[in-house]
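The primary structure of each chain is shown beneath.
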Amino acid sequence: MMASAKTEIVQDTFLIGIGASPGIAIGEIFLVNRTRTAAVERRIAPYEVQGEIEAFFEAVELSKKQLEEVKSGVTDRQLVEHLYIIDTHLLILDDQMLLESTVGMIREKLVNAEGALKRTLKKFREVFDKIEDEYLRERRSDIDSVGDRLLRNLVGASQQSLAEVDRKAIIAAHDLSPADTMQMDKEQIIAFVTDVGGRTSHTAILARSLGIPAVVGLESVTTMVRDRMPAIIDGTHGTLVLNPSPETFREYLKKKQQYEYFEKELLAYRELPGQTLDGFHVSLRGNVELPEEVALAQTQGAEGIGLFRSEFLFLNRSVPPDEEEQLAVYRGIIEKMAPHPVTIRTLDVGGDKFVPEINLADEANPAMGLRAIRFSLKERTLFHVQLRAILRASAFGQVRIMFPMISGMAEIHECKRCLARAMDELRQEQVLFDEELPVGIMIETPSAALVADLLAPEVDFFSVGTNDLIQYCLAVDRGNEHVAYLYEPLHPAILRALQMICTAAKNAGIKVGMCGEMAAEPLYSLILLGLGFDELSMNAPGIPRVKRLLRQVRREDGVQLLGQLFKLGTAQEVSAFLEAQMKQRYPDLFKAPSI
Ligand code: PEP
Ligand code: MG
């Protein structure tokens, strides 16, 4: 049931947004006034220019001071490692483009500081809005929150602090800046809901690492709710219920208890190995986009990082990170994960990942264009810098290097030549690195799957990127909702491709892992075991869920089940058969909520 801004909120008004952080919270709304500041643009006379410029710089200085105060007020250990977000905001306040564009606008267009700043922010927003990649687009929110703070300081509005929340509540806000989130008193704030935002916004990431349920992207929730309105949020499914009825309340209370019980039960798996009843060990590792997600992978019991998507270091900045900066990030992750290995994937840009400063030409078909390893093999200097940084990082712990989107032998040879060159250079400079550094490739193109037997003897490990492999094998754009119904991990073609890849790896005696989303689905774990995967790498919260299943099944059962699945002709048949079998074989494992 949807309601508009004008209507009374009836009982059991369900709103659907984006589940940004899982869990259920039941409580009252605390409405935060975070609407855009009303800054009025005004024409100015030439003699007013200097005064407006000075007012603008005063607002910049005040904003910096406020952010420094936020920083120094953070003592919570979990939050300290997120302070880099505030640093990002401080850097935005020093951004030459922002400063020069605003000052230029005041001088040339003769508008007041608020007007000039608003125009500059609009220009920035337009650039970000055109970006297809969800993560990058979300970085717009950093500009928004800094811009909003600046505007408030310019017009003299006060900054409402979330440290002032004085009762246990579900925070409802138009948007929450990372600074807001950091100031939150975790004891008081049980959940939050926002009008805007996506799953990969910093705020969402922070909420997940703090374990606060959150639903974002609810569009106009702040115009609908009132302070102290009773509400329920289900961050797993992205639902907000306003004015719940007693029945809904009881239903969600039960779900909440089940969820919390299940989470507690999962924690028990943290320290245990990912081992089947018949003694087959699978390394469960974390996929990481941002260095600050490493801590979460650790708390969920990851035996290392199976995929560090290094391209995220290159996003949201005007120049690519140099060797020293990359080294520092890689080293930080490696030291944190020790003694477990960290798999660093070289830059995978292009396709759905867009890095504006790297100047990718417009392509009619970017998913099949100059992306991933193709891009690195073209931009040799960038590649060389990254290889040197990864090699140098290997002196500080266990590192594995992985090349994305390999489509054939020639690319492996070329990558190895580049790696050998970087190694030679470091040897000459007498810089230490791991001479035995394992070199692996992602298998995510149909050609790589088809020639997996030729590729396997060339490398130390395979990691199957099912997100792309499914897209390319089934010719289904992974980001297109119109063909999403065809995106089927259990398609017989995919099962056959996975079997070819695993067989090739086994015959060559190399390890084979999976780091696509398919690895995180407990329903598939038994058949992945049957196929012979040695490693499954996934988003951190998925690890205990998959481990829970692994520890209660026998690999032999997976092999046997797989034999039956291979006889079926459609993804629907495979899926129905698998689900029925899993429920029948393991009724207790598949009745838990949100597994
Ligand atoms: C994949 O394609 O499955 C994968 C893990 O890589 P990405 O999602 O980064 O393309
Ligand atoms: Mg991929």
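Note that the structure is a prediction, hence the values are computed from the model and not measured. (Residues numbered from 1 in each chain as written. Chains lettered and ligands numbered in written order. Predicted model: local features only at pLDDT ≥ 70, side-chain atom pairs only at ≥ 80, totals over all residues. Heavy atoms only, no water.)

Trainee: Any chance you could explain the site of ligand 1 here in plain terms?
Mentor: Close to ligand 1 lie 14 residues; R309, R345, G465, N467 and R478 are nearest. Between an oxygen atom of ligand 1 and a side-chain N or O atom of R345, the distance comes to 2.8 Å. Within the backbone of N467, one N or O atom sits 2.7 Å away from an oxygen atom of ligand 1. Protein chains shield 99% of the accessible area of ligand 1, which is 290 Å² for the free molecule. Taken together, the elements giving at least two residues each to the shell around ligand 1 come down to β10 (305–309) and α19 (466–474). Take the shell around ligand 1: its biggest share by element is three residues, from α19. Here the shell around ligand 1 is built from residues that sort into three nonpolar, four polar and seven charged. (Near = heavy atom within 4 Å. Polar contact = N/O pair within 3.5 Å; in protein donor to acceptor, adjacent residues only side chain to side chain. Areas by Shrake-Rupley, 256 points an atom, 1.4 Å probe, with all protein chains shown as cover. Helix = DSSP H or I, 4+ residues; strand = E, 2+ residues; numbered from the N terminus. Nonpolar A, V, L, I, M, F, W, Y, C, P; charged D, E, K, R; others polar.)

Trainee: Can you walk me through the pairing of strand β9 (residues 283–288) in this structure?
Mentor: If a strand is regular, its side chains alternate between the two faces of the sheet. Among the six residues that make up β9, six are buried, leaving the element largely enclosed by the rest of the structure. Of the pairings in the sheet, the one linking β9 to strand β16 (residues 535–538) comprises four bridges and is parallel in character. Pairing of S283 across the sheet is with E535, part of β16. Pairing between β9 and β10: three bridges, direction parallel. Across the sheet, N287 pairs through a bridge with L307, a residue of β10. (Buried < 20%, exposed > 50% of the residue type's maximum accessible area, 1.4 Å probe, protein only. Pairing = 2+ DSSP bridges.)

Trainee: Explanation requested: the pattern of salt bridges in the structure shown.
Mentor: Opposite charge on two side chains makes pairing possible when the charged atoms of those side chains draw close. Scanning the model with the defined rule gives 35 salt bridges in all. Across the salt bridge formed by E263 and R545, the nearest N and O atoms sit 3.0 Å from each other. Of the two residues, E263 is situated in helix α11 (residues 246–267) and R545 in helix α22 (residues 542–550); the sequence distance between them amounts to 282 residues. By relative accessible area, which is 13% here, R545 ends up buried. Residues K416 and E458 are paired through a salt bridge, measuring 3.5 Å at the closest nitrogen-oxygen approach. Separated by 42 residues along the polypeptide, K416 in helix α16 (residues 409–428) and E458 in the loop between α18 (452–455) and β14 (461–464) bring together distant segments of the chain. Through salt bridges with shared partners, a single ionic network connects E323, E324, R388, R392, E425 and E429. (Salt bridge = Lys/Arg side-chain N within 4 Å of Asp/Glu carboxyl O.)

Trainee: Could you clarify how one ought to interpret the sheet that holds strand β4 (residues 169–173) in this entry?
Mentor: Strand-to-strand pairing in sheets goes through backbone hydrogen bonds, with the strands running parallel or antiparallel. In spatial order, the strands read β1-β8-β7-β3-β4-β5-β6-β2; together these eight strands make up an open sheet with mixed pairing. The open sheet has two edge strands, β1 (13–16) and β2 (18–21), and neither has a second partner. With direction set aside, neighbouring strand axes in the sheet form an average angle of 30°. The pairing of strand β3 (residues 24–31) with strand β7 (residues 230–234) spans five bridges and is antiparallel. Following the sheet pairing, I26 is matched in β7 by I232. Its contacts with the sheet place α11 against β1, β3, β7 and β8 (239–242), and it is angled at close to 120° to β3. (Axes fitted to C-alpha atoms, helices over the stretch in contact; angles between N-to-C directions. Contact = heavy atoms within 4.5 Å.)

Trainee: How should I be thinking about the packing of helix α13 (residues 323–337) against helix α15 (residues 380–393) in this particular structure?
Mentor: A pair of packed helices is characterised by two quantities: the angle between their axes and the separation of those axes. Contact geometry of α13 with α15 gives a least axis separation of 8 Å together with a crossing angle of 35°. Taken as a pair, α13 and α15 cross one another with a handedness that is right-handed. Across from E323, E324, Q326, L327, Y330, R331 and I334 in α13, the residues of α15 making contact are V385, Q386, R388, A389, I390, R392 and A393. (Left-handed = near helix turned anticlockwise from the far one by under 90°.)

Trainee: Quick question: what am I supposed to make of α19 here?
Mentor: Because an α-helix completes one turn every 3.6 residues, residues spaced three or four positions apart along the sequence face the same direction. Counting buried positions along α19 yields eight of nine residues, so the element is predominantly enclosed. Every buried residue belonging to α19 is among T466, N467, D468, L469, I470, Q471, Y472 and L474, and all of these are buried. Where α19 is buried, its residues meet β10, β13 (439–443), α17 (446–450), β14, α20 (492–508) and β15 (511–514). After α19 finishes, the residue A475 shows a positive phi value of roughly 55°.

Trainee: Quick question: what am I supposed to make of the packing of aromatic side chains here?
Mentor: Each aromatic ring pair is characterised by the separation of its centres together with the angle its planes make. Taken as a whole and assessed by the stated rule, the structure comprises three aromatic pairs. Ring plane angle 80° and centroid distance 6.2 Å describe the contact between F308 and Y330, whose orientation is recorded as edge-to-face. A residue pair is termed long-range when its members are at least 10 positions apart, and F308 in strand β10 and Y330 in helix α13 qualify at 22 residues. Judged by relative accessible area, Y330 falls into the buried class, the value being 1%. Geometrically, the ring pair formed by F383 and F403 is edge-to-face, given 6.1 Å between the ring centres and 65° between the ring planes. Residue F383 is located in helix α15, and its partner F403 is located in strand β12 (residues 399–403); the two are separated by 20 residues in the primary sequence. Judged by relative accessible area, which is 1%, F383 ranks as buried. (Phe/Tyr/Trp six-rings, centres within 6.5 Å; stacked < 30°, edge-to-face > 60°.)

Trainee: Can you walk me through the packing of helix α21 (residues 522–531) against helix α23 (residues 555–565) in this structure?
Mentor: Interhelical geometry of α21 versus α23 gives an angle of 95° and a closest axis separation of 7 Å. Judged by the angle between their axes, α21 and α23 are roughly perpendicular. Counted together, L526, I527, L529, G530 and L531 of α21 and R555, D557, G558, V559, L561, L562 and L565 of α23 form the full contact between these two elements. Here the residues of the contact of α21 with α23 sort into eight nonpolar, two polar and two charged. (Parallel < 35°, antiparallel > 145°, perpendicular 65-115°, else oblique.)

So far we have only geometry, and geometry alone does not tell us how the molecule works.
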